[in-house]
Structures are given as C-alpha cells and as structure tokens.
Amino acid sequence: MTLTNESDREIVISRLIEGPRPIVFRAYSDVEHLSQWWGPDGFTTSTQSFDFRVGGAWDFIMHGPD
C-alpha cells in the first residue's frame, strides 16, 4: 500500500457534544481548557506549544499516574 497524500494518513473522528457552541469551541481552542480534560482519567497534560489554526500544531506531554 502506498500513501500518496495527507488524506491517506488522516483519521477523522466525530462526536456530537451537547452544550453551547461558544463553550464547546473554547474547550477545544483554549489550551488552558483543553489541558484540563484531554486524555484518560488519571493523566495530566503539559503543553509545550499550542497553535490553534489550520496547519498549526499542539506539542504536549501526557503524564500517566505511575
């Protein structure tokens, strides 16, 4: 199998989240909020850099409970 473009390596996950759009958007777009809920229970997230725009990146470390 040969991967020829970005969409060949793309995983799309969708979920309907009940809540006011501005609050849900902020939960994803504001790194302070995102770091509070991202990851499995018992894990914490430390952000190195966060660029919330098309083509941006989120550089983070997830710390496990052990």
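Residues numbered from 1 in each chain as written. Predicted model: local features only at pLDDT ≥ 70, side-chain atom pairs only at ≥ 80, totals over all residues. Heavy atoms only, no water.

K.L.:
Any chance you could break down the overall build of the chain for me, citing the residues and the numbers?
P.N.:
Looking only at helices and strands, the chain has 2 helices and 2 strands in total. Taken from N to C terminus, the helices and strands of the chain fall in the order α-α-β-β. In terms of overall dimensions, the chain is more spread out than a globule: its C-alpha atoms have a radius of gyration of 15 Å, far above the 11 Å expected for 66 residues. Buried positions account for 6% of the 66 residues belonging to the chain. (Helix = DSSP H or I, 4+ residues; strand = E, 2+ residues; numbered from the N terminus. Rg over C-alpha atoms; globule rule 2.2 N^0.38 Å. Buried < 20%, exposed > 50% of the residue type's maximum accessible area, 1.4 Å probe, protein only.)

K.L.:
Requested: an account of the pattern of salt bridges, with residues and values cited.
P.N.:
A side chain of one charge can pair with a side chain of the opposite charge if their charged atoms are brought near each other. This structure, assessed with the given rule, holds 1 salt bridge. The salt bridge involving Arg53 is made with Asp51; its shortest N-O contact spans 2.8 Å. A relative accessible area of 60% places Arg53 in the exposed class. (Salt bridge = Lys/Arg side-chain N within 4 Å of Asp/Glu carboxyl O.)

K.L.:
Give a description of the packing of aromatic side chains that names residues and reports values.
P.N.:
In the structure shown here, the tally under the stated rule is 8 aromatic pairs. With 6.1 Å between their ring centres and 10 degrees between their planes, Phe50 and Phe52 make a pair best called stacked. For Phe50, a relative accessible area of 25% corresponds to the partly exposed category. Through a chain of ring-to-ring contacts, three or more aromatic side chains come together here, namely Phe25, Tyr28, Trp37, Trp38, Phe50, Phe52, Trp58 and Phe60. (Phe/Tyr/Trp six-rings, centres within 6.5 Å; stacked < 30°, edge-to-face > 60°.)

K.L.:
Quick one: what's the story with the environment of Ile23, residue by residue and with numbers?
P.N.:
By secondary structure assignment, the location of Ile23 is in helix H1 (residues 21-29). Note on Ile23: relative accessible area 52%, which makes it exposed. Separated by 10 residues in the primary sequence, Ile23 and His33 place their C-alpha atoms 10.0 Å from one another.

K.L.:
For a nonpolar patch on the surface, give the residues involved together with the corresponding values.
P.N.:
Together, Ile17, Tyr28, Trp37, Trp38, Phe43 and Met62 make up a nonpolar patch on the protein surface, roughly 520 Å² of accessible area in all. Take Trp38: it is sitting in the loop between helix H2 (31-37) and strand S1 (44-50). (Patch = residues over 30% accessible without salt bridge, like charges linked within 9 Å, V, L, I, M, F, W, Y side chains within 5 Å. Areas by Shrake-Rupley, 256 points an atom, 1.4 Å probe, with all protein chains shown as cover.)

K.L.:
Please give an account of the environment of Trp38 that cites residues and values.
P.N.:
Its relative accessible area of 32% is what places Trp38 among the partly exposed residues. Separated by 23 residues in sequence, Trp38 and Ile61 place their C-alpha atoms 11 Å apart.

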